[in-house]
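Inside the fold
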Amino acid sequence: MISATENNTTGSVTATVWIGFAMMCIGMFMAILDVQVVATSLATVQEALNIAQDQMSWIQTSYLIAEIIAIPLTGFLTRLLTMRWLFVVAVSVFTAASIACAMSGSFTSLIAWRIVQGFSGGTLIPVVFSAVFLLFPLRLQPLATTIAGVLAVLAPTVGPVVGGWITSTYSWHWLFLINVVPGIIAASVATLSLPKERTSFDLIRHFDVFSLALGAVALAALEIGIKEAPKRGWTSPIAAGLLALCLITAVIFVVRVLRSPNPLVNLGTFRDRNFSIGCLFSFVLGIGLFGSIYLMPVFLAYIRAHNALEIGEIMLVTGVAQLIAAPVAAFLVRRVDERLLTAFGFLLFAIGLGLSTVQTKATDFDEMFWPQLVRGTAIMFCILPPTQLALGHLAKSAIDDASGLFNLMRNLGGAIGIALIDTVIYTRAPEYAQRIINRLMAGDLDTAKAVGIPPEALATAPLDPEKQALLASLVDRVAFVDAINDAWALVAVMTFVALFFLPLARRVPTPPGAAPH
């Protein structure tokens, strides 16, 4: 078999390489899908394992922390094991950990295996985007990026449908067992089909354990801190302490890595202007993408009382729009300036987010159709051009680390975005509820109609404390909708503001020895 480097240089791509890449995409899809299918059935798992209510979120948080630590390490692990063996080992460990999760009989064992699952799954995402630039020549990179990009964003979209169907049809164990057959196939076929390269186990001698510990503490503290901040307050001792710990360890990590002759992660890539701007757009996309996937189920479950399967079916509009737009984006990305396509994608995405800022308590599939269609159409233009902008011109030796950092930024954007959304919702909703009460007490008939109170109820008797208590659920519902609309507006504005940084990017010619652009 030819090596990845030879394949990229000669411009030839055999069917075997395509098959290997397809197996890598399956592994990435499994890792992303796993988060979503489990999210839909947390209550079922909680009841089965007798998990305390305040501990339930750790089923997801443990996975995400491990994943976010693993992503930037992908470059080092690729140099150590080669791309082929990193993928085979990672997908094998992910599959074994999935079996162990399904067999867990306690909260402790489930969390332990979720950490293993998250760490192995975290490497499966950036290694695919590295493969795009290492396995394929210039003319095929847009197609490969499109395949990877579609699967990366399709997994969260279909996740609620798959999770809801599995839970209602089988048992919670199958949320994990669905990974077994695809995992075995992917590992087996990839072993035979991915290009062979020489391992570099001598790199272990230069492995910086202290830097790894610093990076792990910084990312874990950030993830937990932004998870707790919306509930406890950003200035609470726990949240502020964790965020301070993150800042301190991150600064030490950066200084140590930049001074190291054999850095754990090559942060020097951020000196490249286009890479840094590409990472910025990856971060903003994470806010919008994960934020919208979070806001829709919250609204549909709390306001419209839909179950997981119904929510997934409504959200499929986004996935269908992505699939339709994907070939168009792939066609244009090699023919139009990446900066123009990025501007188009993020402007369209911001408009799609903005269309969701006018929801009411009656909003459902029909009202959500057009905002989803616009966002789904925009997503591929928010993935392909920024990926090319950030990674397409880099030297092959820099791709592995750069891909990890690029994907890390999207995940960090998602985590921080969800924390900001929660902060907006849970601080604004009580304020809106009090304003509604004040207007009702003043006899505002329009407000009464919006809440669902018969106008005569206000005309016949004052809104005393007893009546306020009876109407609390109706008031809270409307207030919650208003707060969610504010969250949509925040995400839309942040997406639009990112466009002002785009003029700083430039089209850089492909340097000698670089991956083709």
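Refer to the structure above for everything that follows.
This next bit is on the nonpolar core. Core analysis: the biggest nonpolar cluster contains 145 residues, and F21, F87, F275 and L391 have the highest contact counts within it. Here this core takes 15 residues from helix α16 (residues 396-441), the largest share from any one element. Not counting the four nearest positions on each side in its chain, L391 is found in contact with F133, F275, I399, A402, S403 and F406.

When charged atoms on two side chains of opposite charge get close, those side chains can pair. What the rule picks out here adds up to ten salt bridges. Notably, a salt bridge pairs R304 with D364, separated by 2.8 Å at the nearest N-O pair. Of this pair, R304 sits in the loop between α12 (273-302) and α13 (308-333) while D364 sits in the loop between α14 (338-354) and α15 (365-391), and the two are 60 residues apart along the sequence. Taking the shortest distance from any N to any O, the salt bridge between R428 and D486 comes out at 3.0 Å. Of this pair, R428 sits in helix α16 while D486 sits in helix α19 (residues 465-497), placing them 58 residues apart in sequence. The exposure class of R428 is partly exposed, given its relative accessible area of 25%. A relative accessible area of 23% means that D486 is categorised as partly exposed.

With 30 residues, α12 should reach 44 Å at 1.5 Å per residue; the first-to-last C-alpha distance of 43 Å fits that figure. Among the 30 residues in α12, 21 count as buried, and that is most of the element. Capping of α12 at its N-terminal end is provided by D272; its side-chain oxygen lies 3.1 Å from the backbone amide nitrogen of N274.

Attention shifts here to the packing of helix α7 (residues 141-169) against α15. Relative orientation of the contacting elements α7 and α15 amounts to 130°, with a least axis distance of 10 Å. Between α7 and α15, the crossing angle belongs to the class labelled oblique. Between α7 and α15 lies a crossing of right-handed hand. Packed against α7, whose contacting residues are Q141, P142, T145, T146, G149, V150 and V153, the element α15 presents I379, M380, I383, L384, T387 and Q388 at the interface.

Its location among the elements puts R375 in helix α15. For the buried R375, which has no salt bridge, the nearest side chain bearing the opposite charge is E367, at an N-O separation of 12 Å. Reaching out from R375, the side chain makes a polar contact with the backbone oxygen of G352 at a distance of 3.0 Å. Leave out the neighbours within four places in its chain, and R375 touches S292, M296, F349, G352, L353, S356 and W488.

Overall, the coordinates contain three cavities of 30 Å³ or more when judged by the stated rule. Considering only enclosed or pocket space, the largest cavity measures out at about 90 Å³ in volume. The wall of the largest cavity is formed by T157, L289, S292, I293, M296, M315, T318, Q322, F349, R375 and I379. At the level of elements, α12, α13 and α15 are the ones that each hand at least two residues to the lining of the largest cavity. Among the elements that line the lining of the largest cavity, the one with the most residues is α12, at four residues. Residue composition of the lining of the largest cavity, grouped by class: six nonpolar, four polar and one charged.

This brings us to the packing of aromatic side chains. Per the stated rule, a full pass over the model turns up 15 aromatic pairs. Ring geometry for W172 versus F176: centroids 6.2 Å apart, planes at 90°, classification edge-to-face. Exposure class is identical for W172 and F176. Each is buried. Linked through ring pairs, W18, F21 and F136 together constitute an aromatic cluster. Residue placement shows R335 over the ring face of F331; its charged tip is 4.0 Å from the ring centre.

Conventions adopted
Residues numbered from 1 in each chain as written. Predicted model: local features only at pLDDT ≥ 70, side-chain atom pairs only at ≥ 80, totals over all residues. Heavy atoms only, no water. Core = buried A, V, L, I, M, F, W, Y, C linked by side-chain atoms within 4.5 Å. Buried < 20%, exposed > 50% of the residue type's maximum accessible area, 1.4 Å probe, protein only. Helix = DSSP H or I, 4+ residues; strand = E, 2+ residues; numbered from the N terminus. Contact = heavy atoms within 4.5 Å. Salt bridge = Lys/Arg side-chain N within 4 Å of Asp/Glu carboxyl O. Expected span 1.5 Å × (residues − 1). Polar contact = N/O pair within 3.5 Å; in protein donor to acceptor, adjacent residues only side chain to side chain. Axes fitted to C-alpha atoms, helices over the stretch in contact; angles between N-to-C directions. Parallel < 35°, antiparallel > 145°, perpendicular 65-115°, else oblique. Left-handed = near helix turned anticlockwise from the far one by under 90°. Lys, Arg positive; Asp, Glu negative; His and termini not counted. 1 Å grid on protein atoms, 1.4 Å probe; cavity = no way out; pocket = protein on both sides within 12 Å on 5 of 7 lines; lining within 4 Å. Points joined across faces, edges and corners; volume = space filled by probe spheres on them. Nonpolar A, V, L, I, M, F, W, Y, C, P; charged D, E, K, R; others polar. Phe/Tyr/Trp six-rings, centres within 6.5 Å; stacked < 30°, edge-to-face > 60°. Lys NZ or Arg CZ within 6 Å of the ring centre and 35° of its normal.

By themselves, these figures tell us nothing about what the structure is for.
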